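Structural features, examined
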Amino acid sequence: MENPGDSQMKLVTGPGGYVLEDVPHFTDYLPDLPSYPNPLQDNPAYSVVKQYFVNDDDTVPQKVVVHKDGPRGVHFRRAGPRQRVYFESDEVHACIVTCGGLCPGLNTVIREIVCGLYHMYGVRKILGIDGGYRGFYAKNTITLTPKFVNDIHKRGGTILGTSRGGHVKSKIVDSIQDRGINQVYIIGGDGTQRGAAVIFEEIKRRGLKVAVAGVPKTIDNDIPVIDKSFGFDTAVEEAQRAINAAHVEATSIENGIGLVKLMGRYSGFIAMYATLASRDVDCCLIPESPFYLEGSGGLYEYIEKRLKENGHMVIVIAEGAGQDLLSESLQSMDQQDASGNKLLQDVGLWISHRIKEHFAEKKMTINLKYIDPTYMIRAIPSIASDNVYCTLLAHSAVHGAMAGYTGFTVGPVNGRHAYIPFNRITEKQNKVVITDRMWARLLSSTNQPSFLNPRDIAESKKEKQPATGILDGENCNNGASVAEDNPCVSAAGLSDVENCKDGISMTEDNPSGGVNFAMFSFFYDGRNRNRNRNWASGRQGESLDVHILHVEASPSPRYPSS
């Protein structure tokens, strides 16, 4: 697949100092297109709404927390209906395609795109593309009407079928052109959205009046910029059933261990939020937070300690956690699926065997039950909150396409739906920030150690990392400096207080990092020291055990941390 990032980003500098990362519009390359009054103004369902139409100048800021003298940052174009549209109702010939893995809410998005086009804009020609991208040129289409999709939101999966790969740009655009399709709605993850960007570029090159709108989908919640992805809430809710089952199994037998593997290839959001919601979990392992098994402070030691204290234990592990450990003990095959995702080893099954082997050698009896609910979670219908969210996503996509916008994806940014350029969705993955308060809350809930590997300590001493905190490194208050010789790291950024009180600096004479007391786990390059100061409360005379970890700059968390 080609790189869609080659095209020039559309940037507009606003009068307030912000930068609008705008999305393409038909008039950028088809300047003489006529526009029409939006039919919603005559729709009785919306007659009671005040100021229903979105002002063309409305934007949504990517960050709502800014410093007084700091830049205004990046904005996106606000989603919603416009007063003028660039399609007449009987002119529209729309199609919908779903790609990639299953996710709760797919059918709801399909339903609401169909019903939105039909009831809001009077569109009657809507096709479903069967079987993902390759369905454009290899399969038949499905005619979609409100009656046909009426109850599909009550079912899991996708009525259109899905697949990975199959992206042949020329064949897809040829099919779109031959069928007379002029609105394309593409539902899928980052790989699918990259494909959508390539399709848009080819359509633009050919000078076609075809709107390409993406709806981002990933159950792992790893899409950047947007607040969260649809299906995530449903996944967290359903994961509770598996965790509860593991807890029942563990508490019903001597030295019982319930191990649950949840989805999360590169991001541990499902595991983290399911753990926080459950409160029955003793240990949560995610890809962003490395762990090790043997030795002091390792997983085996913690399991033994927990079993002696409570007589049982529940462990939640994301599918992408511990892959480096598997690579060391298994002959790893560097294989990929059709979407380009690396095929992961089954870390849940592997770690189950390792735990059993370890305690068998120690002649300590344990009873471990391993639960993998992955495909059960993917296949269920979405819960109520996700159904509402899917409706808003679908309607935003429809409004954008009708208004002449193209080459965009939709999603909420700080609670307001916006049109986002494809490249911003595909440029990186959103990950759990383990120096953020939300991860600290999890550590407080489970009381698990940080599982810092001694090898990582050695590496962190060799390579200094830039200081950072949850607000893009701007967390040092009251004159504390951030420099190579005085890196004031946002230790207090993990608590609900200001950072680096009273100008506390961390130099070679005072190298503190890795605060780990009850709810703190922080990463920094330095030596272990106790300090005669409690940063969180400002009280004197209390010592902290400082653990060395690794500081890494990363984006803000998916959800507000307080």
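Our subject is the structure that appears above.
Below or above, wherever it landed, is the structure these notes cover. (Residues numbered from 1 in each chain as written. Predicted model: local features only at pLDDT ≥ 70, side-chain atom pairs only at ≥ 80, totals over all residues. Heavy atoms only, no water.)

**Examining the packing of helix 8 (residues 299–310) against helix 10 (residues 347–361)**
What counts, and what does not: Simply put, an axis is a line fit to the C-alpha atoms, just over the touching stretch for a helix, and the angle between two N-to-C directions goes from 0 to 180 degrees. Helix and strand definitions follow DSSP, with helices as H or I runs of at least four residues and strands as E runs of at least two, each counted in order from the N terminus. Any angle from 65 to 115 degrees is called roughly perpendicular, while one under 35 is roughly parallel, one over 145 is roughly antiparallel, and all others are oblique. Crossing chirality is assigned from the near helix's rotation relative to the far helix, an anticlockwise turn below a right angle marking it left-handed and a clockwise turn marking it right-handed. Pairs of residues are marked as contacts when any of their non-hydrogen atoms sit within 4.5 Å. Classification convention: Asp, Glu, Lys, Arg as charged; Ala, Val, Leu, Ile, Met, Phe, Trp, Tyr, Cys, Pro as nonpolar; all other residues, Gly among them, as polar.
Viewed as axis vectors pointing N to C, helix 8 and helix 10 meet at an angle of 65 degrees, and their least axial separation amounts to 11 Å. Relative to helix 10, the element helix 8 lies roughly perpendicular. Between helix 8 and helix 10 lies a crossing whose hand is right-handed. Here helix 8 contributes L299, Y300, I303 and E304 to the contact with helix 10, which in turn contributes I351, R354, I355, H358 and F359. For the contact of helix 8 with helix 10, a count of residues per class yields six nonpolar, one polar and two charged.

**Topic: the pattern of salt bridges**
Selection rule: One speaks of a salt bridge when a side-chain nitrogen belonging to Lys or Arg is within 4 Å of a carboxyl oxygen belonging to Asp or Glu. Exposure categories follow from relative accessible area, calculated using a 1.4 Å probe and restricted to protein chains: below 20% of the type maximum is buried, above 50% is exposed, and the middle band is partly exposed.
The full count for this structure, using the stated rule, is 24 salt bridges. The shortest N-O distance in the salt bridge between D233 and K228 comes to 2.4 Å. The exposure class of K228 is buried, given its relative accessible area of 18%. Notably, a salt bridge pairs R306 with E309, separated by 3.8 Å at the nearest N-O pair. Within this pair, R306 and its partner E309 are both found in helix 8, separated by three residues, close to a single helical turn. Using a relative accessible area of 11% as the deciding quantity, one classes R306 as buried. We classify E309 as partly exposed; its relative accessible area is 45%.

**As for the environment of I380**
Take I380: it is sitting in the loop between helix 11 (374–378) and helix 12 (384–402). By relative accessible area, I380 is classed as buried at 18%. If sequence neighbours within four positions are ignored, I380 has contacts with P104, G156, T234 and E238.

**What to know about the nonpolar core**
What counts, and what does not: The term nonpolar core refers to a set of buried residues drawn from Ala, Val, Leu, Ile, Met, Phe, Trp, Tyr and Cys, joined through side-chain atoms within 4.5 Å.
In terms of nonpolar packing, the biggest core is built from 111 residues, with I96, Y185 and F230 touching the most fellow members. Ranked by residue count, the leading element in this core is helix 2 (residues 106–121), at nine residues. Sequence-distant contacts of I96, that is, excluding residues within four places in its chain, are made with I110, I113, V114, I126, L127, G128, I129, L144, L160, Y185 and I187. Counting residues in hydrophobic clusters, the runner-up holds 26 residues, among them I355, F359, I366 and L368.

**Examining the pairing of strand 12 (residues 256–262)**
Applied cut-off: By the convention used here, strands pair only if DSSP detects at least 2 bridges between them.
When you tally the buried positions in strand 12, you get seven out of seven residues, the bulk of the element. Bridging between strand 12 and strand 14 (residues 312–318) involves seven bridges; their strand directions are parallel. Counted as the bridge partner of V260 is V316 from strand 14. Pairing between strand 12 and strand 15 (residues 367–371): five bridges, direction parallel. When the sheet's bridge partners are listed, I257 is paired in strand 15 with L368.

**Concerning unusual backbone geometry**
We note that N414 has phi near 55 degrees; this positive angle belongs to a residue other than glycine. With respect to the helices and strands, N414 occurs in the loop between strand 16 (408–413) and strand 17 (416–421). A residue is classified by how much of its surface remains accessible, and N414, at 35% relative accessible area, is partly exposed. We note that N447 has phi near 60 degrees; this positive angle belongs to a residue other than glycine. Residue position: N447 is located in the loop between helix 14 (437–446) and helix 15 (454–462).

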